[in-house]
Amino acid sequence: MSLLFSPLTIRSTTFRNRLWVSPMCMYSAVDGVAQEWHHTHLAQFASGGAGLIVAEATAVVPEGRISPRDLGLWDDAQRDALAPIVRAIHDRGAAAGIQLAHAGRKASTWWPWADERGTVPAAEGGWTTTAPSAVAYEGFAAPVALDAAGIDRVVDGFAAATRRAREAGFDVIEIHGAHGYLLHQFLSPLSNLREDEYGGSLENRARLLLRVVDAVRETAGDDVPLFVRISATDHAEGGFTPEEAATVGTWATAHGADLIDVSSGGLVAHQRISVSPGYQVPLAETVRQGGRIPVSAVGLITAAAQAEQVLADGAADAIFAGREWLRDPHFALRAAHELGDEVAWPPQYERAHWR
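Residues numbered from 1 in each chain as written. Predicted model: local features only at pLDDT ≥ 70, side-chain atom pairs only at ≥ 80, totals over all residues. Heavy atoms only, no water.

**Q** Teacher, can you tell me more about the packing of helix 3 (residues 148–168) against helix 6 (residues 207–220) here?
**A** Helix-helix packing: each pair is described by the crossing angle between the helix axes and the interaxial distance. Look at helix 3 against helix 6: their axes get within 9 Å of each other, and the N-to-C directions meet at 30°. As the angle between them shows, helix 3 and helix 6 are arranged roughly parallel. The crossing of helix 3 and helix 6 is right-handed. Contact residues: Ile151, Asp152, Val155, Phe158, Ala159, Thr162, Arg163 and Arg166 in helix 3; Leu208, Arg211, Val212, Ala215, Val216, Thr219 and Ala220 in helix 6. Residue composition of the contact of helix 3 with helix 6, grouped by class: nine nonpolar, two polar and four charged. (Axes fitted to C-alpha atoms, helices over the stretch in contact; angles between N-to-C directions. Helix = DSSP H or I, 4+ residues; strand = E, 2+ residues; numbered from the N terminus. Parallel < 35°, antiparallel > 145°, perpendicular 65-115°, else oblique. Left-handed = near helix turned anticlockwise from the far one by under 90°. Contact = heavy atoms within 4.5 Å. Nonpolar A, V, L, I, M, F, W, Y, C, P; charged D, E, K, R; others polar.)

Spelled out as structure tokens, the structure:
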């Protein structure tokens, strides 16, 4: 059995393999409520052999949505729409996760295929955004700096969304602290210019993330795997660094996180990223600190042998992929065949099983 298709147990959940589906925004919700599109989109990956499927960035409060078409989990109707999707994933043998998020200054934007770009104006369904400091993302409207009550509301939103996620049946909760969204905005000195207990030193800049980790862990209970996605570098001078990311990973696990999902970038428009196959794997290895911190790797991992080598090299404990699953919803079945592993196929697909 390859490493990629060996099971992994975290708290009370055993994942059938280590090839997982990253959260990918579909911009197809209505008032935060999942639609038929989300059901078909997510369940297909379970039929295709994924070990874990994480639903897209799901806003914990209405103003935390990236766009007006994002999923939400701030009311019970949204929870109830997600529950049958979770059951469909479970029925096909995979674990179900959800990424809880707040977009901060990158909220209230047009979806990718809209004719417009930038911030959605209030007259067209947009809203005023919030952030650690009143510093706009390039090309977007300026946000309002969160006060103490606003910060508390963010923490409470993550806790309430966690409760609803558990009621919907999700096995894994992931906190979105990456890609330039609110928790990442607090982590980076490029977007966090505060002079109170949430700004300045790394310890202060990480305070909100760790408060969220504490709140989510307390609400989820001891049995639930808790992941934190971080951008391990801003790819911009003066920004958040891999060394800081490793420190934050250590703090997050001490507060109850089980795995750090290591990505990068997204904070500023002037970032400079050199993209190549597996380009973020070294960041995961840095945060993993020789195996002290469980991590996942993501970023242009598109082939079975490539994913297996990442695990064999000790750079990560699991692999997230995104675009390759969109190209091939049965990526795991193909990868197992390429690695010579015998894995269970859906009985409905057995006639196509490679022999």
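After that view, the rundown keeps rolling.
**Q** Help me understand empty space enclosed by the protein in this model?
**A** One simple way to see leftover space: roll a probe sized like a water molecule over the atoms. Applying the stated rule across the entire model yields two cavities of 30 Å³ or more. As a volume, the largest cavity reaches approximately 40 Å³. What lines the largest cavity is Ala57, Thr58, Ala59, Gly64, Ile66, Asp70, Ala101, His102, Ala103, His176 and Tyr181. With three residues, strand 4 (residues 52–59) is the largest single contributor of residues to the lining of the largest cavity. (1 Å grid on protein atoms, 1.4 Å probe; cavity = no way out; pocket = protein on both sides within 12 Å on 5 of 7 lines; lining within 4 Å. Points joined across faces, edges and corners; volume = space filled by probe spheres on them.)

**Q** Whenever I open this one, unusual backbone geometry confuses me. Can you help?
**A** Excluding glycine, most residues fall at negative phi; most peptide bonds, likewise, are trans. The phi angle at Ser108 is positive, at roughly 55°, despite the residue not being glycine. In this fold, Ser108 is placed in the loop between strand 6 (95–101) and strand 7 (130–131). Of note, the phi angle at Gln289 is positive, near 55°, even though the residue is not glycine. Relative to the elements of secondary structure, Gln289 occurs in the loop between helix 8 (281–288) and strand 12 (295–297). Residue class for Gln289 comes out partly exposed when judged on its relative accessible area of 22%. (Buried < 20%, exposed > 50% of the residue type's maximum accessible area, 1.4 Å probe, protein only.)

**Q** Teacher, can you tell me more about the pattern of salt bridges here?
**A** Under the definition given, this model contains 17 salt bridges. Among the ionic pairs, Glu63 bridges to Arg153, the shortest N-O distance being 2.0 Å. Pair noted here: Glu63 is in the loop between strand 4 and strand 5 (71–72) and Arg153 is in helix 3, with a separation of 90 residues, a long-range link. Between Arg163 and Glu167 there is a salt bridge, and its shortest N-O distance comes to 3.2 Å. Here Glu167 and Arg163 lie together in helix 3, a separation of four residues that amounts to about one turn. Salt bridges sharing common partners tie together Asp76, Arg79, Asp80, Arg163, Arg164 and Glu167. (Salt bridge = Lys/Arg side-chain N within 4 Å of Asp/Glu carboxyl O.)

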